[in-house]
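# Per-entry structural report
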Amino acid sequence: MTPRKREEPRSRRRDRDRIRRTPLAGGTAPAAGPPAPEGAASGAGSVSPVGVAPAAGSLLPGGIAPATDFDPAASVPPPAPPERRIFCNRTLNLRGIRAIGYDLDYTLAHYHVAEWERTSFEHLRRKLLARGWPVEEARFDLHAYQVGLILDLKLGNIIKANQFGYVKRGAHGGALLDFDRLRETYAETIVEFPDPRFVFLNTLFSLSEACMYARLVDLLDAGRIPGTLGYAELYRLMKESLDEAHMEGRLKEEIGAAPERFIDLDPDTPRALLDQRRAGNRILLITNSDWPHTRGMMSYAFDPFLPEGVTWRELFDIVIVSARKPAFFTQEQPAFEVVDDEGLLRPLVSRPSLGSVLLGGHAGLVEEMLGLSGAQILYVGDHAYGDVHVSKNLRRWRTALIIRELEDEIRAQEAFRERQEELERLMDRKVLLERQLSLRRLAILRLKSEKAGGSRGQVAESRGAGREIREPGDRRAGAAQVRDPHSRAAAQRQASRRGLEEGVEATRQALSAIDERITPLARASAELLNRDWGLLLRSGNDKSYLGRLVERHADIYTSRVSNLLYESPFAFFRAHRGLMPHDAREE
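Residues numbered from 1 in each chain as written. Predicted model: local features only at pLDDT ≥ 70, side-chain atom pairs only at ≥ 80, totals over all residues. Heavy atoms only, no water.

## Some thoughts on the overall build of the protein chain
A count of helical and extended segments in the protein chain gives 17 helices and 21 strands. Classification of the 587 residues of the protein chain by burial places 45% in the buried group. Intrachain contacts of the protein chain at a sequence separation of at least 6 include 74% that bridge at least 24 residues. For the protein chain, the accessible area works out to roughly 31,700 Å², and carbon and sulfur atoms hold 50% of it. (Helix = DSSP H or I, 4+ residues; strand = E, 2+ residues; numbered from the N terminus. Buried < 20%, exposed > 50% of the residue type's maximum accessible area, 1.4 Å probe, protein only. Contact = heavy atoms within 4.5 Å. Areas by Shrake-Rupley, 256 points an atom, 1.4 Å probe, with all protein chains shown as cover.)

## So, a nonpolar patch on the surface
A contiguous nonpolar patch, built from F164, Y166 and I190 and spanning about 310 Å² of accessible area, is present on the exposed surface. Within the secondary structure, I190 is located in the loop between α3 (179-186) and β9 (198-200). I190 gets classed as partly exposed once you look at its relative accessible area, which sits at 41%. (Patch = residues over 30% accessible without salt bridge, like charges linked within 9 Å, V, L, I, M, F, W, Y side chains within 5 Å. Salt bridge = Lys/Arg side-chain N within 4 Å of Asp/Glu carboxyl O.)

## Topic: the packing of helix α2 (residues 113-130) against helix α5 (residues 231-247)
With their axes 9 Å apart at the nearest point, α2 and α5 run at an angle of 115 degrees to one another. By crossing handedness, the relation of α2 to α5 is classed as right-handed. Seen from α2, the contacting residues are S120, H123, L124, K127 and L128; seen from α5, they are M238, S241, L242, E244, A245 and H246. (Axes fitted to C-alpha atoms, helices over the stretch in contact; angles between N-to-C directions. Left-handed = near helix turned anticlockwise from the far one by under 90°.)

## Here we look at unusual backbone geometry
Here the residue pair F193 and P194 is connected by a cis peptide bond, since its omega of 0 degrees sits within 30 degrees of zero. Along the chain, the position of P194 falls in the loop between α3 and β9. Even without a glycine there, the phi angle at S322 is positive, about 45 degrees. Not every positive phi belongs to a glycine, and R396 is a case in point at roughly 65 degrees. With respect to the helices, strands and loops of the structure, R396 is situated in the loop between α12 (384-395) and β17 (398-402).

## Details of the side chain of N563
Note on placement: N563 falls in the loop between β20 (556-558) and β21 (572-573). Its relative accessible area of 0% is what places N563 among the buried residues. Those residues within four positions of N563 in sequence are excluded, and the remaining contacts are E83, R84, R85, I86 and T558.

## Observations regarding the nonpolar core
L108, L216 and F316 are the most contacted members of the largest nonpolar core, which totals 105 residues. For this core, the leading source of residues is helix α4 (residues 207-221), giving ten residues. Non-local contacts of L108, meaning those with residues more than four positions away in its chain, are made with Y102, D103, T269, L273, L285, M298, F302, F316 and V561. Ranked by size, the runner-up nonpolar core spans 21 residues in total, among them A99, L284, L365 and L370. (Core = buried A, V, L, I, M, F, W, Y, C linked by side-chain atoms within 4.5 Å.)

## Details of the pattern of salt bridges
Overall, the coordinates contain 34 salt bridges when judged by the stated rule. Here R560 makes a salt bridge to E407, at a shortest N to O gap of 2.7 Å. Within this pair, whereas R560 is found in the loop between β20 and β21, its partner E407 is found in helix α13 (residues 406-415), the two being separated by 153 residues in sequence. Across the pair, E407 and R560 agree in class, each one buried. Here the salt bridges do not stand alone but share partners, grouping E83, R84, D266, E407, D408, R411 and R560 into one network.

## Here we look at the sheet that holds strand β8 (residues 175-176)
Judged by pairing direction, the sheet is antiparallel, and its five strands sit side by side in the order β8-β7-β6-β5-β9 without closing on themselves. Every other strand in the sheet has two partners, leaving β8 and β9 as the edge strands with one partner each. As judged from the three bridges shared by strand β5 (residues 150-152) and strand β6 (residues 157-161), these two strands associate in the antiparallel manner. Looking at the pairing, D152 lines up with N157 of β6. Sheet contacts for α3: β5, β6 and β7 (167-172); angle to β7, the most-contacted strand, approximately 105 degrees. (Pairing = 2+ DSSP bridges.)

## Topic: the packing of α2 against α4
At a minimum axis distance of 8 Å, the contact between α2 and α4 shows a crossing angle of 40 degrees. In this view, α2 runs oblique relative to α4, as classed from their interaxial angle. When you trace α2 past α4, the crossing you get is right-handed. Counting all contacts with α2, which are made through V113, E117, S120, F121, L124, R125 and L128, the residues of α4 involved are L207, S208, C211, M212 and L216. Among the residues making up the contact of α2 with α4, the classes are represented as eight nonpolar, two polar and two charged. (Parallel < 35°, antiparallel > 145°, perpendicular 65-115°, else oblique. Nonpolar A, V, L, I, M, F, W, Y, C, P; charged D, E, K, R; others polar.)

## Observations concerning the side chain of Q163
Tracing the backbone through its elements, the reader meets Q163 in the loop between β6 and β7. The class for Q163 is buried, based on a relative accessible area of 18%.

## Re the sheet that holds strand β3 (residues 99-102)
Across a sheet, strands are paired by hydrogen bonds formed along the backbone, either parallel or antiparallel in direction. Across the sheet, which stays open at both edges, the ten strands sit in the order β1-β20-β17-β16-β3-β11-β12-β15-β13-β14 with mixed pairing between neighbours. Bordering the open sheet on either side are β1 (87-88) and β14 (345-347), each of which pairs with just one other strand. Sheet topology note: the strand β13 (residues 335-338)/β14 ladder contains three bridges and is antiparallel. Its bridge partner being in β14, V338 is matched across the sheet by L345. Set on the sheet, α12 makes contact with β16 (377-381) and β17; between it and β17 the angle comes to about 165 degrees.

It is worth stressing that arrangement in space is one thing and function is another; only the former is reported here.
Right under this line is the structure:
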């Protein structure tokens, strides 16, 4: 009997037909997916979705054809390279998302880190020279520090902590702290935020800051900085000078005059946002940068890669500049409307329409404008605290963290994979040998204890005195071999102890030999990505403190926004099953 075909629900047929009948702007039919949310169509004061097809022959990252060229009969497109994957901490169904907000710097626009941070460092150095501080010879070193490190303002140290807050590596000024000094200094210290003692280096913008602070600590220790300052006051004055350099606008003017020096273009990022508009999502830009910088960066990074006649402004339903995150998520700040390209402002007297450019404001205003809240909004940024921590904890928005360095980290791990597997095999062997050693040592202790117990039991020995014990193997006629049972037991214990001690020595030699093989591999593993600080998201066998923040606050994380092109706006990201140590099964 032929099974009856299940009838498609009427509501699903209606939604499917509506999608097929409704063309996007430009006449391109959208990819199949759920209908746009209520109110997503263009209306008064709103920006129509940009639905122009990609240029002929254009490809997604890795050579994947765009959705308009997708052949359902073809094989499934290849997965993203490991370093371009999207990683999921908490299950996220993009079909439930109705608006996606983005940060600007190091999220939608990436920079050549060495050039940007060196320029920022030089502007800071000139400010400090004006204070009379002797920083003439200070130089920026791109590889000296990394995101996720922590400034200890009490001791003037730069440290790296694991997920539990225990300090695993550190430096004072430009000198690394050895293991003994590190343990002595931080034996009773747990790093936890918020704590005014610690400053967390959240983004790539912090690298020049860390580099200068280390130099200033050395100068302060040498008595070369005027005034009576502590390490915390030293940081405050340095940070004040850095903020002044940024507020004066000279740094941004230099960047705007030669954007090709500073901006790392990614043509696929605007295409990813185009797909999200086609899928009916509202797109937001929420940045701490001012309007002139935002307009210049977005025009340079987006407009050349959009369809003809389309500018970056048409991608976004709401643009908010000078947002002052994290206060944007924690306070009801006043908002102003930006009414021209020069940044002229006017007070906001009523609810702004979609398509507006605002200065300031707050997350509640965004939710009111969109008619959305909480888990309907996804926010994407690069700042572990200012972008994802507060938006998730206070507004319950879904979160995505951009970690550009993740690509180098994963490539380094992939290149080291064979040696890492060898290291793990050796460590498994070492664990087995250590268990054997400890059990043999315990057996020796037990034999010593039995001997001590026997010497105290002389009463039992006297009761057996004079008894003859015939050995089973004695065949001599009329012969009776008399032996002292306590002497025989002592001899057995001695032989057993001798065998155990020989086994202990052999095991120790085996451990010494295996340690000689493990040591260079473990050192190389610890120096992956950065010789002094190691991997970004790991601290030895533990997650790093940054890794903990990523795991706790980012629903998904990836290296760049354009990685979303490997998926679709309707993707369902599923978290791996969380494991406890007792869940692991031995091979």
